[in-house]
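Chain and residue survey
Residues per chain, in single letters:
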Amino acid sequence: MSDNKLHPETLAIRGAKSQTEYREHNQAVFLTSSFMFDDAAQGAALFAKEIEGFTYSRTANPTVAAFEQRIACLEGAEKGVAVATGMAAIQAALLTFLKAGDHLVAGRSLFGTTAGFINGIVSKFGIEITLVPQTDLAAWKAAVKENTKMLFVETPSNPLSEIADIQALADIAHSVGALLAVDNSFCSPAIQQPLKFGADLAVESATKAIDGQGRVLGGVVCGRADLVKEMAMYVNSSGLALSPFSAWVLLSGVETLFVRMERQSANALKVAQWLRGHERVKAVYYAGFDDHPQADLVRKQQVSGGIVIGFEVEGGKDAAWKVIDMLKLFSKTANLGDVRSTITHPWTTTHGRMAPEAKEAVGIEAGLLRLSIGLENVQDLIADLQQALA
């Protein structure tokens, strides 16, 4: 049966599995830096791309290739290229296609490290940058110019769950011949497939939900074959390659992705609803609420509201830190997407390097906390929050 006839849940387990002569049931891991040639002529042909095969694991590796192909299947993409981290995926997506004199339009509501990379590093290459409000389509339209080559957006946003209209942004980008790249790390392909709505590139931090168990780092970018071919050349030359072992670990994470995200999203909705009713909670930000400002868009683009919740407590940073310190079950860490529920304080961690006024401009307040909901019993999670907020 061909992969294009299989459902995503099946592809997550059986899609793009390579097979050696040993007939292993699990995907094999190829822990080797290089591959041998039968003779000098074959080596020359491999390096000249006249025949398919493997030469060096920085360039390509069978285990990494299996991971790339499986995520591409789930994203509905022709190809994928895997890299060492989620930030490496963003780097590959941006710097492959942008050069001095080009213009990048990005959503203002970005993960702190992404914002720092765009403002502090991408800008050094002579690339013009315009940041716009995540949900203001008029601002996106007004920002594009003749030299605009890419629109970049993270949806849902971190950590306030603002939703970008992917189809509308794709139309804006394509109207000027630009690409739309969407950071899909919050949802993973189990909840959202940006390419279905016109995006050119789906960018993932595989460290998050794709692994799902906090074991390894990884990233992947999926899209059309011609675009991925260009990125693969950049990744090879800049040394951003994913290790074969990490790819093998991530493949096992993919196998349980759909069932994990379904249960974790259901747990997140229950926790978010409970937080809304607590007297010490000023506001709750969760994409799965029926009265979310962009609920119709969420229903169009996403299978569920996802696993991340932002909530704000009275009393600013001191009150937020007290909640963190009182929690017993939640892991105090800035990672997300794990089967273990986590909590962090964005003001001082994920967005800590941003200036206070920049944080406030995108709605990051000192009393804001971010939860990533895992697979624990949801009543235990609520009980832990209840005692911490008492």
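Structure first, text after, so check above.
Below is a summary of the structure that appears in this document. The structure presented is a predicted model; accordingly, all values stated were derived computationally and were not measured.

1. What about the overall build of the chain?
Counting its secondary structure elements, the chain contains 14 helices and 12 strands. At 21 Å, the chain has a C-alpha radius of gyration in line with the 21 Å of a compact globule built from 390 residues. Based on the C-alpha atoms only, the size of the chain along its principal axes is roughly 75 × 50 × 35 Å. By residue count, 54% of the 390 residues in the chain fall in the buried class. For the chain, contacts bridging at least 24 residues in sequence account for 72% of all contacts bridging at least 6. As displayed, the chain has an accessible area near 16,900 Å², and 53% of this comes from carbon and sulfur atoms. Across the chain, the mean location of the 35 positive side-chain charges is 2 Å away from that of the 42 negative side-chain charges.

2. Some points on the pattern of salt bridges
In the structure shown here, the tally under the stated rule is 10 salt bridges. For R70, the salt bridge goes to E255, with nearest N and O atoms at 4.0 Å. A residue pair is termed long-range when its members are at least 10 positions apart, and R70 in helix 3 (residues 62–75) and E255 in helix 9 (residues 244–255) qualify at 185 residues. Assessed through its relative accessible area of 1%, R70 is described here as buried. Looking at E255, the relative accessible area reads 30%, which means it is partly exposed. Residue D338 is joined to R340 by a salt bridge in which the shortest nitrogen-to-oxygen separation is 3.3 Å. The class of D338 is buried, set by a relative accessible area of 7%. Residue R340 is classed as partly exposed on the basis of its relative accessible area, which comes to 40%.

3. Section: the nonpolar core
Ranked by internal contacts, the top residues of the largest apolar core, which has 53 residues, are F67, I71, L74, W140, L151 and L180. Looking at which element gives the most residues to this core, the answer is helix 3, with 6 residues. Setting aside residues no more than four positions away along its own chain, W140 makes contact with V105, A106, G107, V132, P133, Q134, L151, F152, V153, L169 and I172. Membership of the second largest hydrophobic core comes to 31 residues, among which are V81, I127, L227 and L240.

4. Overview of the sheet that holds strand 8 (residues 281–285)
Overall, mixed pairing links the 5 strands, which are arranged 8-9-12-11-10 in an open sheet. Each edge of the open sheet is held by one strand with a lone partner, namely strand 8 and strand 10 (331–332). Inspection of the sheet shows strand 10 paired to strand 11 (residues 342–344) by 2 bridges, in the parallel sense. Opposite S331, over in strand 11, you have T342 as the bridge partner. Contacts from helix 10 (residues 257–276) reach strand 8, strand 9 (308–313) and strand 12 (368–372) within the one sheet, and its direction differs from that of strand 9 by about 15°.

5. Focus: the side chain of N184
Mapped onto the elements of the fold, N184 is located in the loop between strand 5 (179–183) and strand 6 (201–205). On the basis of relative accessibility, which here comes to 0%, the residue N184 falls in the buried class. For N184, the side chain forms a polar contact with the side chain of E204, separated by 3.0 Å. Apart from the residues lying within four places of it in its own chain, the contact partners of N184 are E75, P189, Q192, P194, V203 and E204.

6. Comments concerning the environment of S175
Its location among the elements puts S175 in helix 7 (residues 166–175). We classify S175 as exposed; its relative accessible area is 57%. Counting along the chain gives 31 residues from S175 to V144, while the straight-line C-alpha distance between them is 9.5 Å. Among the polar contacts listed, one links the side chain of S175 to the backbone oxygen of I172, at a separation of 2.6 Å.

The rules behind the values
Residues numbered from 1 in each chain as written. Predicted model: local features only at pLDDT ≥ 70, side-chain atom pairs only at ≥ 80, totals over all residues. Heavy atoms only, no water. Helix = DSSP H or I, 4+ residues; strand = E, 2+ residues; numbered from the N terminus. Rg over C-alpha atoms; globule rule 2.2 N^0.38 Å. Buried < 20%, exposed > 50% of the residue type's maximum accessible area, 1.4 Å probe, protein only. Contact = heavy atoms within 4.5 Å. Areas by Shrake-Rupley, 256 points an atom, 1.4 Å probe, with all protein chains shown as cover. Lys, Arg positive; Asp, Glu negative; His and termini not counted. Charge placed at Lys NZ, Arg CZ, Asp CG, Glu CD. Salt bridge = Lys/Arg side-chain N within 4 Å of Asp/Glu carboxyl O. Core = buried A, V, L, I, M, F, W, Y, C linked by side-chain atoms within 4.5 Å. Pairing = 2+ DSSP bridges. Axes fitted to C-alpha atoms, helices over the stretch in contact; angles between N-to-C directions. Polar contact = N/O pair within 3.5 Å; in protein donor to acceptor, adjacent residues only side chain to side chain.

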